[in-house]
Amino acid sequence: SQLAIAIQQSELYQAVQHLNNDLERQVEDRTAQLRQVLDFEELLKRITDNVRDSLDESQILQTVVRELALGLELSGCDVDLLSGQGHISTFTSTTDFSAQLSQGISAQFCLITPDPIRNAQRRYAILACPILNEQDFWGTLWLFRYRQDTFSPAEIRLIQQVSNQCAIALRQSRLYQASQAQVEELGKLNRMKDHFLSTVSHELRTPMSSIKMAIEMLEITLLKNQNSN
């Protein structure tokens, strides 16, 4: 009986230890998740503040690429735009994701490419996230990770939010550029108008001066004739 009680107590103790260990792991996992959420929120805010403060398209793209690469510890990050200024990606995928990306759907895949430096194969986890301006497809964010890990759902959500902020900043930049072009065009038209009015005024002044001089000469002649009479 005592042996059975001791065995039961031992089993209960082991069960409690397992529960404690599981609880500690859950607490650690939850703490890590909360820390990651806070880090991602801080990263998103930093990117948003930086891109919203800039109207230069190249600077916007460089900020997004740099902050994502550092914040997510990526092997590489790039932007591929269909039009406009900015860094155009040299990455070419053998798989066509254009239809999927144009619909606003991110694509995650793995690509094996030769590494000429180490004469070996390097395995990349690649995430392609579209940049959409409302319904228009503007380009793609390419993210490369050189390790076995894939991009987690939390990372994908963060990248999609960054892509949205990038699209807003690019739209503001292009609207600003368009308004500047309109201002320059209006300035050009205004200069042309001033030149035209100046030319017309000069052309009008020339015959008026001749007429005035002729009238003055005629007046002088008439006065001489009157005095002579």
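Residues numbered from 1 in each chain as written. Predicted model: local features only at pLDDT ≥ 70, side-chain atom pairs only at ≥ 80, totals over all residues. Heavy atoms only, no water.

**Brief notes about the overall build of the protein**
Looking only at helices and strands, the protein has four helices and four strands in total. The N-to-C order of helical and strand elements in the protein reads α-α-β-α-β-β-β-α. Taken across its 229 residues, the protein has 27% of its residues classed as buried. Here the contacts in the protein between residues at least 6 apart in sequence split such that 57% fall between residues at least 24 apart. With the model as given, the accessible surface of the protein reaches about 16200 Å², and the carbon-plus-sulfur share is 54%. (Helix = DSSP H or I, 4+ residues; strand = E, 2+ residues; numbered from the N terminus. Buried < 20%, exposed > 50% of the residue type's maximum accessible area, 1.4 Å probe, protein only. Contact = heavy atoms within 4.5 Å. Areas by Shrake-Rupley, 256 points an atom, 1.4 Å probe, with all protein chains shown as cover.)

**Describing the pattern of salt bridges**
Two side chains bearing opposite charge may form a pair once their charged atoms approach each other closely. Inspection of the entire model under this criterion finds six salt bridges. Glu 67 is the partner of Arg 46 in a salt bridge, and the nearest nitrogen-oxygen pair spans 3.0 Å. Remark: Glu 67 occurs in helix α2 (residues 57-71) and Arg 46 occurs in helix α1 (residues 2-52); sequence separation between them is 21 residues. Note on Arg 46: relative accessible area 32%, which makes it partly exposed. Of the charged contacts in the structure, one is a salt bridge between Glu 57 and Arg 174, with a shortest N-O distance of 3.2 Å. One end of the pair, Glu 57, is in helix α2; the other, Arg 174, is in helix α4 (residues 153-228), and 117 residues separate them in sequence. (Salt bridge = Lys/Arg side-chain N within 4 Å of Asp/Glu carboxyl O.)

**Digging into the packing of aromatic side chains**
For the structure shown, the criterion picks out zero aromatic pairs. Here Arg 145 stacks its cationic end above the ring of Phe 151, 4.6 Å away from the centre of that ring. Just above the ring of Trp 138 sits the side chain of Arg 174; from NZ or CZ to the centre is 4.4 Å. (Phe/Tyr/Trp six-rings, centres within 6.5 Å; stacked < 30°, edge-to-face > 60°. Lys NZ or Arg CZ within 6 Å of the ring centre and 35° of its normal.)

**Some thoughts on the pairing of strand β4 (residues 136-145)**
Counted residue by residue, β4 has eight buried out of 10 residues, so it is predominantly covered. As judged from the six bridges shared by strand β1 (residues 76-81) and β4, these two strands associate in the antiparallel manner. By the bridge assignment for β4, Gly 76 is matched with Phe 144. (Pairing = 2+ DSSP bridges.)

**What to know about the packing of α1 against α2**
Two elements in contact, α1 and α2, have axes whose closest approach is 9 Å; the angle formed by their N-to-C orientations is 165 degrees. The pairing of α1 with α2 is recorded here as roughly antiparallel in orientation. Crossing of α1 over α2 shows right-handed handedness. Where α1 abuts α2, its residues Leu 43, Arg 46, Ile 47, Asn 50 and Val 51 lie against Ile 60, Thr 63, Val 64, Glu 67, Leu 68 and Gly 71. Within the contact of α1 with α2, the residues separate by chemical class into six nonpolar, three polar and two charged. (Axes fitted to C-alpha atoms, helices over the stretch in contact; angles between N-to-C directions. Parallel < 35°, antiparallel > 145°, perpendicular 65-115°, else oblique. Left-handed = near helix turned anticlockwise from the far one by under 90°. Nonpolar A, V, L, I, M, F, W, Y, C, P; charged D, E, K, R; others polar.)

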